[in-house]
Structure formats: C-alpha cells, structure tokens
Amino acid sequence: DVKVTQSSRYLVKRTGEKVFLECVQDMDHENMFWYRQDPGLGLRLIYFSYDVKMKEKGDIPEGYSVSREKKERFSLILESASTNQTSMYLCASNPSGETQYFGPGTRLLVL
Amino acid sequence: AQSVAQPEDQVNVAEGNPLTVKCTYSVSGNPYLFWYVQYPNRGLQFLLKYITGDNLVKGSYGFEAEFNKSQTSFHLKKPSALVSDSALYFCAVRPRESWGGGNKLTFGTGTQLKVEL
C-alpha cells in the first residue's frame, strides 16, 4: 500500500512564526504536491515537485516556499505565518501519469 | 485552463436509496477524471478514475461513475446508499500529459453527502 505521512495532524502557531510542514512518501514517487483545503473552495495547489530539487508554483504560492532535498520528502515552509494561512494542508504523491495518493492532512491554526 | 464544477454543496439521501453526486468539467482535449472521498479529519482517499474505454467506471465501496463526453460530466453513483457513505466527495480532472505540470489535478469544491436512516 502507498503510504504518505505528514509530520503533524494538528499545529498551533503564532503570527510571524516560521512554520515547517513535512511530508514523506515511501513509494519512490517522482511527483509530490502540497494543497490547502478551505471550506467552499475545495483543494488548491500551492506547490509541486517532479524531481529532487525541482519545484513549480501552483495556483496559490504566495506566502509559501518548498524544499525537496530527498526524493521521499517534500517540505512546505511558511516563512512568516499569518492568520489567513489557517487551513488544512494536504500532501500528495504519485508516479508520473498515475493516481495521486494523499496524506492524512495537517490542520494548522495561526493565532 | 481546466476547471471542475460540483453544483451541489450538499446531497441528502435515505439509506438504501440510490445516490448521485454531480460533476462537470472543462478541459481541452480528453481528460483523466477522478473521484476522491474525505471522511472527517482525514486525508483524501481515491475512489475511482476514468482514463479511457468503458464510460461506466467501477470503484471502491460499490461506487461507480459515468463519463459522458457530450455533456462533459462525470457523475458519481451508488445503487444503494449506506449511512457510512456520509462524507465529503471531490471530483478532479487532469490533462493527459503525464509528466511535470501534467500531473496537476484540478479539484471541484466538494459535495457533502449525508445519508440518513
């Protein structure tokens, strides 16, 4: 079975803090993705990566950065957290051309 | 640009009755289409996908979806709903290119399914 894990299920941070969300997949997938999910807006793509050290902006990259130093790990970084970044963050991975598989999600609250 | 519409925020159905969750899409060329389900405080679980071939696709938990090219729709169906089917359902579309940006999924806004006794 494909397994995508995320470092935290719930996080509470303060405005201005630097926040790291980590995602690990154990299936040697080339592609990894970060989405945020908000009620009424569905899932929106923040960034994705199709290889180690390669990244591309998604639909809403502002206020976020990413890092992929190893194939299995894809980190989402909030350089200076703001309250409008309170959301559910979902990581996904897939081999090229195949179905995306999702992690359990991290619910982030920024106070 | 590709887009997905799920016109119903919520669908209510009685247990044992058939259910339909609607999805329409807009994309250039022939798409790949997906349905995912999300239970409370969980990630998305893959249900089924349409790639090519038979327009009726069967998936997990007794769900199926019908691809209709002329109506650009991909409605999710189940002949007999269960209370345990209550969840948030997402439709998604992807272009046929399979590398790099072609792997990007575009999601609908989701439909909350509520199955009652």
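Summary of the structure given here. (Residues numbered from 1 in each chain as written. Chains lettered and ligands numbered in written order. Predicted model: local features only at pLDDT ≥ 70, side-chain atom pairs only at ≥ 80, totals over all residues. Heavy atoms only, no water.)

### Notes on the pairing of strand β7 (residues 64–70) of chain A
All names here are of chain A. Applicable threshold: Pairing between strands requires that DSSP locate at least two bridges from one strand to the other. Working definition: helices are DSSP H or I runs of at least four residues, strands are E runs of at least two. Numbering for both runs from the N terminus.
In this structure, β7 lies alongside strand β8 (residues 73–78), joined through 5 bridges in antiparallel fashion. Looking across to β8, one finds that S65 is bridged to I77. Between β7 and β8, which pair antiparallel one after the other, the connecting turn spans 2 residues.

### Some words on the pattern of salt bridges
Note the threshold: Each reported salt bridge corresponds to a side-chain nitrogen of Lys or Arg within 4 Å of a carboxyl oxygen of Asp or Glu. Note on exposure labels: buried denotes an accessible area under 20% of the residue type's maximum, exposed denotes more than 50%, and partly exposed covers the range between, all computed with a 1.4 Å probe on protein chains only.
One pass over the full model with this rule turns up 10 salt bridges over all chains. Taking the shortest distance from any N to any O, the salt bridge between E116(B) and K114(B) comes out at 3.9 Å. Residue class for E116(B) comes out partly exposed when judged on its relative accessible area of 39%. Look at the salt bridges and you will find they share partners, linking R36(A), D38(A) and R44(A) into a network.

### A short note on the environment of V21(B)
Residues and elements named next belong to chain B. Just so we agree on the cut-off: When checking whether two residues touch, look at their non-hydrogen atoms; a contact exists if any pair is within 4.5 Å.
Relative to the assigned elements, V21 resides in strand β3 (residues 19–21). Along the chain, V21 and H75 lie 54 residues apart, while their C-alpha atoms are 5.7 Å from each other. Setting aside residues up to four positions removed in sequence, V21 forms contacts with Q6, W35, H75, L76 and T111.

### A look at the sheet that holds β8(A)
Residue and element names in this part refer to chain A. Formally: An axis is simply a line fitted to the C-alpha atoms; with a helix, the fit covers only the stretch in contact. Between two such axes, the angle follows the N-to-C directions and lies from 0 to 180 degrees.
Strand order across the open sheet formed by 4 strands is β1-β3-β8-β7, with antiparallel pairing between neighbours. Taken across any chain shown, the strands that pair with only one partner, and hence form the sheet edges, are β1 (4–6) and β7. With direction set aside, neighbouring strand axes in the sheet form an average angle of 20°.

### Notes on the nonpolar core
The test is simple: Only buried residues count toward a nonpolar core, which is a set of Ala, Val, Leu, Ile, Met, Phe, Trp, Tyr and Cys residues joined through side-chain atoms within 4.5 Å.
One finds W35(B), L47(B), L48(B), F74(B), L76(B) and Y89(B) to be the most contacted residues of the largest nonpolar core, which totals 27 residues. Secondary structure elements with two or more residues in this core: β2 (10–14), β3, β5 (32–38), β6 (44–50), β8 (64–68), β9 (73–78), β10 (87–94) and β12 (111–116) of chain B. Residues L11(A), L21(A), I46(A) and L78(A) belong to the second largest nonpolar core, which totals 20 residues.

### Here's the deal with the packing of aromatic side chains
Put simply, the rule reads: Pairing of aromatic rings covers Phe, Tyr and Trp, the last counted by its six-membered ring, and requires centre-to-centre distances within 6.5 Å; plane angles under 30 degrees mean stacked, over 60 mean edge-to-face, and any other angle means tilted.
Applying the stated criterion to the full structure yields 15 aromatic pairs over all chains. Aromatic pair F33(A) and F48(A): ring centres 5.9 Å apart, planes at 20°, arrangement stacked. Here the residue F33(A) occupies a position in strand β4 (residues 31–38), and F48(A) occupies one in strand β5 (residues 42–51), the gap between them amounting to 15 residues. On the basis of relative accessibility, which here comes to 0%, the residue F33(A) falls in the buried class. Ring centres of Y36(B) and F46(B) lie 6.0 Å apart, and the angle between their planes is 70°; this geometry places the pair in the edge-to-face category. Linking Y36(B) in strand β5 with F46(B) in strand β6, this pair joins segments that are 10 residues apart in sequence. Three or more aromatic residues joined by ring pairs form one cluster here, namely F33(A), Y35(A), F48(A), Y101(A), F102(A), F34(B), Y36(B), F46(B), F90(B) and F107(B).

Purely geometric numbers; function is a separate question.
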